[in-house]
Amino acid sequence: MISNSGQPVGAASTVDFRPSISAMDPPEHTVTRRRVLGEFTHRRIKAMEPHIQQMVDTHVDAIITGPKPVDLVTALCLPIPSLTICQILGVPYSDHVFFQTRSAAMFDTNNEKQQRALAAGELVGYLSGLIVDKETHRTDDLIGRQVHNIGYTREFNRKALIELAITLLAAGHETTASMLSLGVTVLLNNPDQLAILQADPGKVPQAIEELLRYCSNVDPTAYRVATKDMTVAGVNIYQGDAIVVLGASANHDMPHAEEPGRFLIDRANQRHIAFGHGMHQCIGQHLARTEMRIAVETLLRRIPTLSLAVPTEDLPFKEKAAIYGLHALPVTW
């Protein structure tokens, strides 16, 4: 799908689309979500576990046999969710560098609005060409199945499918990759908690939930407009008011988490809204949890002496990105 110039066939320089189904209201949201919900069920993701494990092992093999230190972002954290979402959507992985750089540019608030719009436009152009190709060449993947669903018509559904695909493609790898890099950093900076996992690897799923609460790498979680007057925690909100929901703040709210500023694997209350809440809860949460669990389990088992190669204060955090994470994570062992 990439031309000789390095640009996607049919790439656009401007874009006019809704970036996420989270911006939709029922009944449009209900219909759109229902179309792809079956692709991310617990059963379907469970069936993918052996393949994800194989991918993680292959990348860890390369880490162990390669030079030290290694950047864990490029060596593991980014490739695993990228490979997985490409497989699910039916996007050629050979094009992953293109969509990774464009989605990163979209989420980087350091970029000018025009730069972010250009990156989004190029992604739209890429996906448009991919969808056109799948309209004539049937494929057994999420986009291919959507194209050949009963009721799909090029005139009315292509734009909606592009909007949906760009959300899944961009969010499906960027958020998980960032959570993995942040999660490993937190574990390595909390040796007492890391020791708990090394003594009992069965607690890794528990640790993942605490990492999701503690890191909260997507914030603000949502922008909303009140449809009626209400009172929340003693604050009056009136119909038409704009509301910004701060997920990181909610995940560190004292009434719901004792000592919220500490990372505690054995925390009794592991409630969080890392994946949102209600009808807009992330449809890819099972996939994200699975990728994180397998990656962390494998690192602990195969590289038990893993450590940071630089002081934490020298790590290049994405301070102004819409999705918080690390540009690089140098590690050694």
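Residues numbered from 1 in each chain as written. Predicted model: local features only at pLDDT ≥ 70, side-chain atom pairs only at ≥ 80, totals over all residues. Heavy atoms only, no water.

## As for the overall build of the protein
We apply this condition: Secondary structure elements follow DSSP: runs of H or I no shorter than four residues count as helices, runs of E no shorter than two count as strands, and numbering proceeds from the N terminus. To sort residues, take the accessible area from a 1.4 Å probe on protein chains only and compare it with the maximum for the residue type: under 20% means buried, over 50% means exposed, and anything in between is partly exposed. Note on contacts: a residue pair is in contact if any heavy atoms of the two residues lie within 4.5 Å. Per-residue and other accessible areas were derived by the Shrake-Rupley procedure at a 1.4 Å probe size, with only the shown protein chains allowed to occlude residues.
Across its full length, the protein carries 12 helices and 7 strands. Residue burial in the protein is summarised as follows: out of 333 residues, 46% are buried. In the protein, once contacts between residues fewer than 6 apart in sequence are set aside, the share between residues at least 24 apart is 70%. As displayed, the protein has an accessible area near 16500 Å², and 56% of this comes from carbon and sulfur atoms.

## A few points about a nonpolar patch on the surface
For clarity, the cut-off: Patches here are clusters of residues that have more than 30% relative accessible area and form no salt bridge, with a 9 Å joining cutoff for like charges and a 5 Å cutoff for nonpolar side chains (Val, Leu, Ile, Met, Phe, Trp, Tyr). Salt-bridge detection follows one rule: a side-chain nitrogen of Lys or Arg within 4 Å of a carboxyl oxygen of Asp or Glu.
A cluster of nonpolar residues, Tyr 223, Val 244 and Leu 246, forms a patch on the protein surface that exposes about 320 Å² of accessible area. Tracing the backbone shows Val 244 in strand 5 (residues 242–245). Relative accessible area serves as the criterion here: at 46%, Val 244 is assigned to the partly exposed category.

## Some details on helix 2 (residues 42–65)
Put simply, the test is: Each residue after the first adds 1.5 Å to the expected span of a helix. In this scheme, the bend at a residue equals the angle between the axes fitted to the seven residues that finish there and the seven that begin there.
The terminal C-alpha atoms of helix 2, which comprises 24 residues, lie 34 Å apart, in line with the 34 Å expected from a rise of 1.5 Å per residue. The largest bend in helix 2 is about 40°, located at Glu 49, with the proline Pro 50 one to four residues further on. The elements touched by buried residues of helix 2 are strand 1 (70–71), helix 3 (72–77), helix 4 (79–89) and helix 12 (285–302).

## Quick notes on the nonpolar core
Convention followed: Side-chain atoms within 4.5 Å link the members of a nonpolar core, which is a set of buried Ala, Val, Leu, Ile, Met, Phe, Trp, Tyr and Cys residues.
With 82 residues, the main nonpolar core has Leu 72, Ile 143 and Leu 329 as its most contacted residues. The greatest single-element share of this core, amounting to 15 residues, is contributed by helix 8 (residues 154–188). Setting aside anything within four residues of it in sequence, one finds Ile 143 in contact with Leu 89, Leu 130, Ile 131, Lys 134, Leu 161 and Ala 165.

## Quick look at the confidence of the model for the protein
Rules: pLDDT runs from 0 to 100 and stands for how confident the predictor is about each residue.
Looking at the protein as a whole, its pLDDT mean stands at 86, while 89% of the residues score no less than 70. Contacts for the low-pLDDT stretch residues 1–15, under 50 throughout, to residues beyond four places or in other chains number 37 contacts.

## So, the pattern of salt bridges
Inspection of every chain in the model, using the stated rule, returns 18 salt bridges. Put simply, Asp 141 and Lys 134 hold a salt bridge, and the shortest N to O gap is 3.0 Å. Like Asp 141, the residue Lys 134 is buried in the burial classification. The partner of Arg 213 in a salt bridge is Glu 210, with the nearest N and O atoms 3.0 Å apart. Pair noted here: Arg 213 and Glu 210 are both in helix 10 (residues 204–215), with a separation of 3 residues, about one helical turn. Judged on exposure class, the residue Arg 213 and its partner Glu 210 are both buried.

## A short note on the environment of Cys 77
Among the structural elements, Cys 77 can be located in helix 3. Counting along the chain gives 218 residues from Cys 77 to Ala 295, while the straight-line C-alpha distance between them is 8.2 Å. For Cys 77, the contacting residues outside a window of four places in its chain are Leu 72, Ala 177, Leu 180 and Ser 181.

## Re the sheet that holds strand 7 (residues 330–332)
The cut-off we apply is this: In this description, strands pair whenever DSSP reports at least two bridges between them.
Spatially, 1-7-6 is the arrangement adopted by the 3 strands of the open sheet, whose pairing is antiparallel. Whereas interior strands pair on both sides, the edge strands pair on one side only; in this sheet they are strand 1 and strand 6 (307–308).

## Here's the deal with unusual backbone geometry
A cis amide bond links Pro 26 with the next residue in sequence, Pro 27, at an omega value of 5°. Positionally, Pro 27 belongs in the segment before helix 1 (28–37). Following Lys 68, the chain continues to Pro 69 via a peptide bond in cis, the omega torsion being -5°. With respect to the helices, strands and loops of the structure, Pro 69 is situated in the loop between helix 2 and strand 1. We note that Ser 216 has phi near 45°; this positive angle belongs to a residue other than glycine. For Ser 216, the position within the fold is in the loop between helix 10 and strand 2 (222–225). Ser 216 sits in the buried class, given a relative accessible area of 9%. The residue Ala 233 is not glycine, and still its phi comes out positive at about 50°. Here Ala 233 shows up in the loop between strand 3 (230–232) and strand 4 (235–237). Relative accessible area serves as the criterion here: at 82%, Ala 233 is assigned to the exposed category.

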